[in-house]
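Working through the structure, step by step
One letter stands for each residue in the lines below.
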Amino acid sequence: MGTTARRVEKFLDLGKQPIANAFVSPGKCQDEYFYDLEVGLDTETKLVSHMNCVDPPLMFNDSYVYYTSGSKTMVQHFKDIAGYLKEKFQPRRVLEIGSNDGTFLKNFPLENTVAVEPCGNFANYTREMGYETHTEFWTQDLAVKIATADRFDLIYSANCMCHIPDLEDTFSAIYYSLSDKGVFVFEDPSLAEMLERNSYDQIYDEHAHIFSVTALKNVLEKAGLEIFSVDKTQVHGGSNRVYVQKKGGPQYEDGSLEIELEQEKLAKLDKVTTYKKFAKRVEKSKIALVELLHDIKDGGNKIISYGATSKSTSVFNYCEIGPDLIDYITDTTPDKQGKLSPGVHIPVVSPEEGFDDSVDYAFLGAWNYLEEITKKESDFIRRGGQFITHVPEVRTLRGEPICQP
Ligand code: TYD
């Protein structure tokens, strides 16, 4: 982080990994980029991060393929939170960092609302809707460039802060851009939930950090910011939504921060031994998954994967699971269809083409949308089809809930 000296203890190695969302055109596999995915704990701030973060332009560029609106769950989620934030804080000037296809932003008026999105293909969505949009990474320089005398009353960012390697610069830029009474609200996958669910697939190139509230408190404080409330949400396999203001700002702490910090202390999120135990569970999960897939395949069954997610890129590359075990992946995103999954090169097809009666088992690449998926795929379950998951442990299931710790 920044120029500050860090003492980081490595606890996990997920091997050589490709860019999780860089789906490959058949015949173009030779240019693929790989990096070593190693994860460590900063013993001072308690921040869990990649030992070597991937350079952001390699991941976030004009070929980016993740659409927020690809899931009904997420559309409803952002509609709900936008409504709540409008009513609670009545912001006049709003900034969203990492606005993707505008799913959140479109709930706010065109005037006085600004979008920041480095992926040009996605920035075009909000620009075409009429929002002031900056196709750039969020940095101090950009904050200075877009600032007016009137700072932002609400800065919102979902699944983006954890993508940014340099949090010192990022949060200082937030401080600079926020009005004195303004609120900064952001949400990202929760470290506590990841440990609880053994969902190591939350770790991939884009997630430079997996945040605990403890670490966020420490890092935000360095930028003159303080947390006044924390919500838990179920999206993305369990996330924390954190409400922040300038130190000494007008919002009262509602007690939720204290509860979260206490729970994280009980779960020993400040101790490296906790993460070393997690790493052991991850290794066991790999062995169990590969064994299960081989057993099912040897029984003459057809296995596919459901959702060509970043998470499944991480699992398949770590476990070395390729087209010999998984025939193909179905995914609703047109830009992923017809391509090969990053690294292990499993073909991606549309659900219409691939999710037919020939499928016996479907690995849940998008296990975090189990409810939405089982509703949609009730015919598959009715005819005896089974899902496979590794969360929280490796097993088959017919649509029952995975794990609600
Ligand atoms: P998500 O878990 O958000 O992905 P990531 O791990 O990359 O954050 O899942 C989104 C992907 O899953 C997206 O490519 C669309 C696909 N998907 C389906 O194909 N069918 C579905 O029913 C759902 C909910 C998602």
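Residues numbered from 1 in each chain as written. Predicted model: local features only at pLDDT ≥ 70, side-chain atom pairs only at ≥ 80, totals over all residues. Heavy atoms only, no water.

The subject of this paragraph is the overall build of the protein chain. Of regular secondary structure, the protein chain possesses 13 helices and 17 strands. For a compact globule of 405 residues, the expected C-alpha radius of gyration is about 22 Å, and the protein chain comes in at 21 Å, within 12% of that figure. Relative to its full complement of 405 residues, the protein chain shows a buried share of 57%. When the accessible surface of the protein chain is totalled, it reaches about 16,900 Å², and 49% of it is carbon and sulfur. Here the protein chain contributes 44 positive and 63 negative side-chain charges, whose respective centroids are spaced 3 Å apart. (Helix = DSSP H or I, 4+ residues; strand = E, 2+ residues; numbered from the N terminus. Rg over C-alpha atoms; globule rule 2.2 N^0.38 Å. Buried < 20%, exposed > 50% of the residue type's maximum accessible area, 1.4 Å probe, protein only. Areas by Shrake-Rupley, 256 points an atom, 1.4 Å probe, with all protein chains shown as cover. Lys, Arg positive; Asp, Glu negative; His and termini not counted. Charge placed at Lys NZ, Arg CZ, Asp CG, Glu CD.)

So, about the site of the ligand. Residues in close proximity to the ligand total 16 residues, the closest being Ser310, Lys311, Asp331, Lys336 and Lys376. Here an oxygen atom of the ligand sits 3.1 Å away from a polar atom, N or O, in the main chain of Thr332. A distance of 3.2 Å separates an oxygen atom of the ligand from a polar side-chain atom of Tyr369. Elements with a minimum of two residues in the shell around the ligand: helix H10 (310–319) and helix H12 (370–376). For the shell around the ligand, the element with the most residues is H12, which contributes three residues. The residue inventory of the shell around the ligand, partitioned by class, reads five nonpolar, six polar and five charged. Taken domain by domain, the makeup of the shell around the ligand includes at least three residues from each of domain 1 (8–272) and domain 2 (288–397). (Near = heavy atom within 4 Å. Polar contact = N/O pair within 3.5 Å; in protein donor to acceptor, adjacent residues only side chain to side chain. Nonpolar A, V, L, I, M, F, W, Y, C, P; charged D, E, K, R; others polar. Domains from an automatic or database assignment.)

What follows concerns the domain arrangement of the protein chain. What the domain assignment lists for the protein chain is domain 1 (8–272) and domain 2 (288–397). For domain 1 versus domain 2, the distance between C-alpha centres works out to 28 Å. Tallying the contact residues gives 35 residues for domain 1 and 28 residues for domain 2. Interface area for domain 1 against domain 2, summed over the two sides, is near 2,600 Å², with a carbon-plus-sulfur share of 58%. The interface formed by domain 1 and domain 2 contains zero salt bridges. At the junction of domain 1 and domain 2, the tally comes to 13 residue pairs in polar contact (both at pLDDT 80 or more). At the level of secondary structure, the elements contributing two or more residues to the side of domain 1 that touches domain 2 comprise strand S1 (8–18), helix H2 (72–89) and helix H6 (191–197). Looking at the side of domain 1 that touches domain 2 element by element, the count peaks at five residues for S1. Within the side of domain 1 that touches domain 2, the residues separate by chemical class into 17 nonpolar, eleven polar and seven charged. (Contact = heavy atoms within 4.5 Å. Buried area = accessible area lost by both parts, 1.4 Å probe. Salt bridge = Lys/Arg side-chain N within 4 Å of Asp/Glu carboxyl O.)

Of all the residues in helix H5 (residues 167–177), the buried ones are Leu167, Thr170, Phe171, Ala173, Ile174 and Ser177. The buried residues of H5 occupy an angular sector of 155° when projected down its axis, which confines them to one face. (Arc of directions from axis to C-beta.)

With that settled, the discussion passes to the sheet that holds strand S2 (residues 34–42). Within the open sheet, the four strands sit side by side as S1-S2-S3-S9. Their pairing is antiparallel. The open sheet terminates on both sides in strands that have one partner only, identified here as S1 and strand S9 (209–210). Relative to strand S3 (residues 48–50), S2 runs antiparallel, the two being bridged by three bridges. Its bridge partner lying in S3, Val39 is registered against His50. With respect to the sheet, helix H9 (residues 272–298) is in contact with S1, S2 and S3, its orientation differing from that of S1 by roughly 30°. (Pairing = 2+ DSSP bridges. Axes fitted to C-alpha atoms, helices over the stretch in contact; angles between N-to-C directions.)

Further remarks concern the environment of Val183. Relative to the elements of secondary structure, Val183 occurs in strand S8 (residues 178–189). In sequence terms Val183 and Leu154 are 29 residues apart; their C-alpha atoms lie 5.1 Å from each other. Once residues lying within four places of it in the same chain are set aside, the contact partners of Val183 are Phe89, Asp153, Leu154, Ile155, Leu178, Phe228, Val244 and Gln251.

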